[in-house]
Amino acid sequence: MNETMVCAVGNVATQPVYRELAAGPSARFRLAVTARYWDREKNAWTDGHTNFFTVWANRQLAANAATSLAVGDPVVVQGRLKVRTENREGQQWASADIDAVAIGHDLARGTTAFRRSGKPEAAAPAPPRPEPDWETPAESPGTAAPQRPEPVAAAGAMT
């Protein structure tokens with residue numbers, strides 16, 4: 001399926017709204033993206049037109065965005081662009097939405113501290129795997145491959 005993927009760099013314009021829906025968590029916020037250009041006459045950077053996008057996030061991205069983003073935060077949003085048109089009271093309206101795949105703070109304009117979110121329900125930890133023996137010399141042609149060590153049974157397990 002062909003989709004229009006975009007990467008938008010801008011500022012969070014509205015506080016993210018978080019909802020628990022039957023299909024799972026969802027969050028949305030408005031993103032303001034302003035073009036900037038160098039004005040030779042003024043010898044300064046000048047703001048151009050501002051575009052506004054409604055950014056939609058789902059599942060874990062929704063929960064993380066709702067707790068991590070605030071109005072004014074500089075962000076980078078990657079996702080699928082959806083442009084919709086409709087008639088309202090006889091006028092043609094257009095809206096541009098981004099179905100987000102990834103959202104992050106723009107580190108070109110500040111710093112942030114990353115924290116991993118907890119997993120919903122952690123399964124039992126996997127048994128430890130034996131460390132590879134990096135000191136074993138490379139085998140030469142015609143020699144047998146080294147044998148893998150047998151897994152160690154857990155304490156109290158019957159074999």
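Residues numbered from 1 in each chain as written. Predicted model: local features only at pLDDT ≥ 70, side-chain atom pairs only at ≥ 80, totals over all residues. Heavy atoms only, no water.

Notes on the pattern of salt bridges
Then, in step 1: Overall, the coordinates contain six salt bridges when judged by the stated rule.
Then, in step 2: A salt bridge links Asp47 to Arg36; the nearest nitrogen and oxygen atoms lie 3.6 Å apart. One end of the pair, Asp47, is in strand E4 (residues 44-58); the other, Arg36, is in strand E3 (residues 24-39), with eleven residues separating them in the sequence.
Then, in step 3: Among the charged side chains, a salt-bridge network with shared partners connects Glu3, Arg80 and Asp99. (Salt bridge = Lys/Arg side-chain N within 4 Å of Asp/Glu carboxyl O. Helix = DSSP H or I, 4+ residues; strand = E, 2+ residues; numbered from the N terminus.)

Concerning the packing of aromatic side chains
Aromatic rings considered in pairs are described by the distance between their centres and by the relative angle of their planes.
Then, in step 1: Considering all chains together, one arrives at one aromatic pair under this definition.
Then, in step 2: Relative to Trp45, the ring of Trp38 has its centre 5.6 Å away and its plane inclined at 75°; by these criteria the two rings are edge-to-face.
Then, in step 3: When its relative accessible area of 53% is taken as the criterion, Trp45 is described as exposed. (Phe/Tyr/Trp six-rings, centres within 6.5 Å; stacked < 30°, edge-to-face > 60°. Buried < 20%, exposed > 50% of the residue type's maximum accessible area, 1.4 Å probe, protein only.)

Some remarks on the pairing of E3
Then, in step 1: Looking at chain direction, strand E1 (residues 5-12) and E3 are connected through two bridges and run antiparallel. Within E3, the position partnered with Val12 by the bridge is Leu31.
Then, in step 2: Pairing between strand E2 (residues 17-21) and E3: five bridges, direction antiparallel. Among the inter-strand pairings, Tyr18 is bridged to a residue of E3, identified as Ala27.
Then, in step 3: Counted between consecutive antiparallel strands, the loop separating E2 from E3 contains two residues.
Then, in step 4: As defined by bridge partners, E3 adjoins E4 across 13 bridges and the pair is classed as antiparallel. Looking at the pairing, Ser26 lines up with Asn58 of E4.
Then, in step 5: Following E3, the chain reverses through four residues before pairing antiparallel with E4; Asn43 in that reversal takes a positive phi of roughly 55°. (Pairing = 2+ DSSP bridges.)

Some points on unusual backbone geometry
Then, in step 1: Positioned with a positive phi, Asn43 is a non-glycine residue whose angle comes to about 55°.
Then, in step 2: Its place among the elements puts Asn43 in the loop between E3 and E4.
Then, in step 3: With relative accessibility at 56%, the residue Asn43 sits in the exposed group.
Then, in step 4: Even without a glycine there, the phi angle at Glu89 is positive, about 50°.
Then, in step 5: Along the chain, the position of Glu89 falls in the loop between strand E5 (74-88) and strand E6 (91-105).

Some details on the pairing of E1
Then, in step 1: In this sheet, E5 lies alongside E1 in antiparallel orientation, the contact comprising seven bridges. When the bridges of E5 are listed, Val9 appears paired with Val76.

Thoughts on the environment of Ala13
Then, in step 1: Within the secondary structure layout, Ala13 lies in the loop between E1 and E2.
Then, in step 2: For Ala13, a relative accessible area of 31% translates into the label partly exposed.
Then, in step 3: C-alpha of Ala13 to C-alpha of Ala32: the two residues are 19 residues apart in sequence and 5.8 Å apart in space.
Then, in step 4: What Ala13 contacts, discounting residues up to four positions off in sequence, is Arg30, Leu31, Ala32, Phe52 and Val71. (Contact = heavy atoms within 4.5 Å.)

On their own, these measurements won't tell you what the molecule is for.
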